[in-house]
Amino acid sequence: MPAKVVVIGSLNMDLVTRAPRLPRGGETLIGKSFATVCGGKGANQAVAAARLGAQVSMVGCVGSDAYGEQLRGALVAEQIDCQAVSVVDDSSGVALIVVDDNSQNAIVIVAGANGALTPEVIDRFDAVLQAADVIICQLEVPDATVGHALKRSRALGKTVILNPAPASRPLPADWYTAIDYLIPNESEASALSGLPVDSLGTAETAAARLIALGTGKVIITLGAQGSLFANGAAFEHFPAPKVEAVDTTAAGDTFVGGFAAALAAGKSEAEAIRFGQVAAALSVTRAGAQPSIPTLSDVQAFKAP
Ligand code: RIB
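Along each chain, numbering runs from 1 in the same order as the chain's sequence is written. At least 70 in pLDDT is required for a residue's local features to be given in this predicted model, at least 80 for side-chain atom pairs to be given and counted, and no such filter applies to totals for whole chains, interfaces and linings, which use all residues. No hydrogens and no water enter the side-chain calculation; it runs on all heavy atoms of the structure.

## Observations concerning the pairing of strand β12 (residues 227-230)
Where burial is concerned, the two faces of β12 agree: the one with S227 and F229 and the one with L228 and A230 are both buried. Only strands that DSSP links by at least two bridges are regarded as paired with each other. Secondary structure counts use DSSP, requiring at least four H or I residues in a row for a helix and at least two E residues in a row for a strand, with both numbered from the N terminus. Here strand β11 (residues 217-221) pairs with β12 via four bridges, running antiparallel. In the strand pairing of β12, I219 is matched with F229. Connecting the antiparallel pair β11 and β12 is a turn made up of five residues, with G223 showing a positive phi of about 60 degrees. Sheet topology places β12 next to strand β13 (residues 235-238); four bridges connect them, and they run antiparallel. Across the sheet, the residue bridging to F229 is E236, located in β13. Count of turn residues in the β12/β13 antiparallel hairpin: four residues, of which G232 carries a positive phi of about 95 degrees. For each residue, the accessible area found with a 1.4 Å probe, counting protein chains only, is set against the maximum for its type, and the residue is called buried under 20%, exposed over 50%, and partly exposed in between.

## Focus on the nonpolar core
Take the buried Ala, Val, Leu, Ile, Met, Phe, Trp, Tyr and Cys residues and link them wherever side-chain atoms come within 4.5 Å; each set so joined is a nonpolar core. Within the largest apolar cluster, 51 residues are counted, with the highest numbers of intra-cluster contacts made by V5, V56, I80, I161 and F259. For this core, the element with the most residues is helix α8 (residues 251-264), which contributes eight residues. Contacts were defined at the residue level, with two residues in contact if any of their heavy atoms lie within 4.5 Å. Ignoring sequence-local partners within four residues, the contact set of I161 consists of V134, I135, I136, C137, Y181, I183, V256, F259 and A260. Core analysis: the next-biggest nonpolar cluster, separate from the first, contains 44 residues, A113, W175, A189 and I211 among them.

This is the structure in structure tokens:
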């Protein structure tokens, strides 16, 4: 029986345009393409964990619209348990994404139905949390819900992962002791710690500060520079596999889902980080959020160039 990963978070329909570069304020650019793609940080992490070997349940909300049906259907197609994905009387979450010729993106999200994921909804699906080995949260649903979910997961004795994305401010102080693995990227680590993070050295300083706030372990993802792991006693740097990037959307989600799936399957932290890194590297070689996420056999077949 594969280990059980529960993802509590967002489902968004991504409205993706490709353009030569990201637009400046007040500017209209001629785009090259448009696509609607299933996404949302929570749903992407659920898909990643499922494709990479875990048994997955999703806890979230979609709207009573066509996007809601597609978003839920995409998870069901991955054999993800959606008993805790509620349909609410609102529009589904959307993300407006522009990807430029350097494969960088800019994203604006509108929460819609994701805002209906309240602490009460989490309590209604407590049995789903109880069945988990690893529970993952992110920040595209209300803060009160994330705080409640983290603390309940900790009380149940689960392995708790927070991907603090998107983050633009420090986290509530009483969340930190409920988190086993805090996984921010550079800008999120900077927002949380109040320190600049633009190198391995500055990432170490920020990670030390986050651990001092009470979180168990920190993994700062640094894009092409790899990942920094910190556990309060030591730092370890994991260089990133080198690939040709097409679109970085959902690379962080793929890392988080892959790391969780590997950890739940009993891999060591170092093995789980390397596994997540290969999965994330493969995801950036393909366009879109969920369509870009590799399978277990893709990861096993990966050979560094
Ligand atoms: O992390 C990528 C995701 O961020 C996209 O799929 C989009 O929905 C936004 O939530």
